[in-house]
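Working through the structure, step by step
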Amino acid sequence: MSEEEDLSYSESIKKASALITRFPLIPVRGVPLMSHIAQNFDSIWAFRPDPSDLLIATYPKAGTTWTQEIVDLLLHNGDADACKRAPTPVRSPFLEIYAPPPIPSGLDLLKNMDPPRFIKTHLPFQLVPPAFWENKCKTIYVARNAKDNLVSYYFFDCMNMTQPEPGTMEEYIHKFMRGELSWGSWYDHVKGYWKEKDNKNILYLFYEDMKENPRREVERIMRYLDVSVSDEVISKIVELTSFEKMKENPMANYTCVPAPVFDHSKSPFMRKGKVGDWRNYFTPEQEKMFEEDYKEQMKDVDIPFRNLI
């Protein structure tokens, strides 16, 4: 992809800057979504992927960009230059995203790409277009422990000028527990995909496992995708997808999204990428309250989350 086309993605955002605001959330089948997504949901629901397409699904801020980069490098045999052909949202379109024109929607970008494509979504399982399951598309789901996910999402909502105002951390914790954030309840999200993983051949990964042993998880993704790369290439992919390397990579760190949308001065898109950072933000009272609520909301499943590694 030429620099002009890459520029056009940033330029399209700059052109729409007067229309960028913290958009309200509108519920779609009980799930709060940004107004532009909610208003176009019928088109999203009708999307028909090719059977060769791959879906990468996560709750926001659970390792999405990281997984997209691993997949792209696996599909390009670890060729770092090939994976710098365009920024992440152009290489791996965000299925449901809609924004003021001339910013292209995820569906616009997908229309102009030949399969096989790898497509990002934050939609909970029940809102994923049914053709993904009808066509037996492979799906990678990444789940991150609730407290780190909450903290990361809070800082993202501070810098993302299209999301509702996050308020204080105390207010945000309550919103998170009630599922009143964009894309809804974390609890419903992680449980929805977990309950369907065996029926729908979903590779269910944990952010904490990826941090603890990235090589093992890259190999799991490789086997699931049915690709084969050498041990040397796997080592290279592990290095290229380290947090430090990705934070410096302009094609992966979302610096392609300019200030009217992402205010990197408030918080970088790639902030810390750590497990256990929640301890720096939760007070003992908040942690106690959160843990009690967590036990209640997660009592119907046994998903092996870890808050520390």
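Details of the structure are given in the entry above.
Now for a look at the structure at hand. In this text, all values refer to a predicted model and were calculated from it rather than measured experimentally. (Residues numbered from 1 in each chain as written. Predicted model: local features only at pLDDT ≥ 70, side-chain atom pairs only at ≥ 80, totals over all residues. Heavy atoms only, no water.)

1. Examining the nonpolar core
Counting residues in hydrophobic clusters, the biggest one holds 72 residues, and the most contacted among them are W186, F290 and F305. Examining the composition of this core, we find that nine residues originate from one element, helix α8 (residues 146-159), more than from any other. Not counting residues within four places of it along the chain, the set of residues in contact with F305 comprises A143, R144, N145, W186, V190, Y204, F206, Y294 and M298. (Core = buried A, V, L, I, M, F, W, Y, C linked by side-chain atoms within 4.5 Å. Buried < 20%, exposed > 50% of the residue type's maximum accessible area, 1.4 Å probe, protein only. Helix = DSSP H or I, 4+ residues; strand = E, 2+ residues; numbered from the N terminus. Contact = heavy atoms within 4.5 Å.)

2. Observations regarding unusual backbone geometry
Residue P101 is joined to P102 through a cis peptide bond whose omega torsion reads 10°. Mapped onto the elements, P102 comes out in the loop between α5 (88-91) and α6 (106-111). A cis amide bond links P115 with the next residue in sequence, P116, at an omega value of 0°. Topologically, P116 is positioned in the loop between α6 and β4 (118-121). Not every positive phi belongs to a glycine, and N77 is a case in point at roughly 50°. As for its placement among the helices and strands, N77 is situated in the loop between α4 (64-75) and α5. Residue class for N77 comes out partly exposed when judged on its relative accessible area of 46%. Of note, D226 is a non-glycine position whose phi angle comes to about 65°, a positive value. Structurally, D226 can be placed in the loop between α12 (214-225) and α13 (231-240).

3. Focus: the side chain of D277
By the element assignment, D277 lies in the loop between α14 (243-248) and α15 (284-297). Residues contacting D277, with those up to four places away along its chain left out, are D148, V151, R271 and K272.

4. Focus on α13
Taken residue by residue, α13 has V233, I234 and I237 as its buried positions. Axial view of α13: buried residues confined to an arc of 100°, hence all on one face. Along α13, the residues that are exposed and aim more than 90 degrees away from the buried face are D231 and E232. Next to the buried residues of α13 lie α4 and α12. (Arc of directions from axis to C-beta.)

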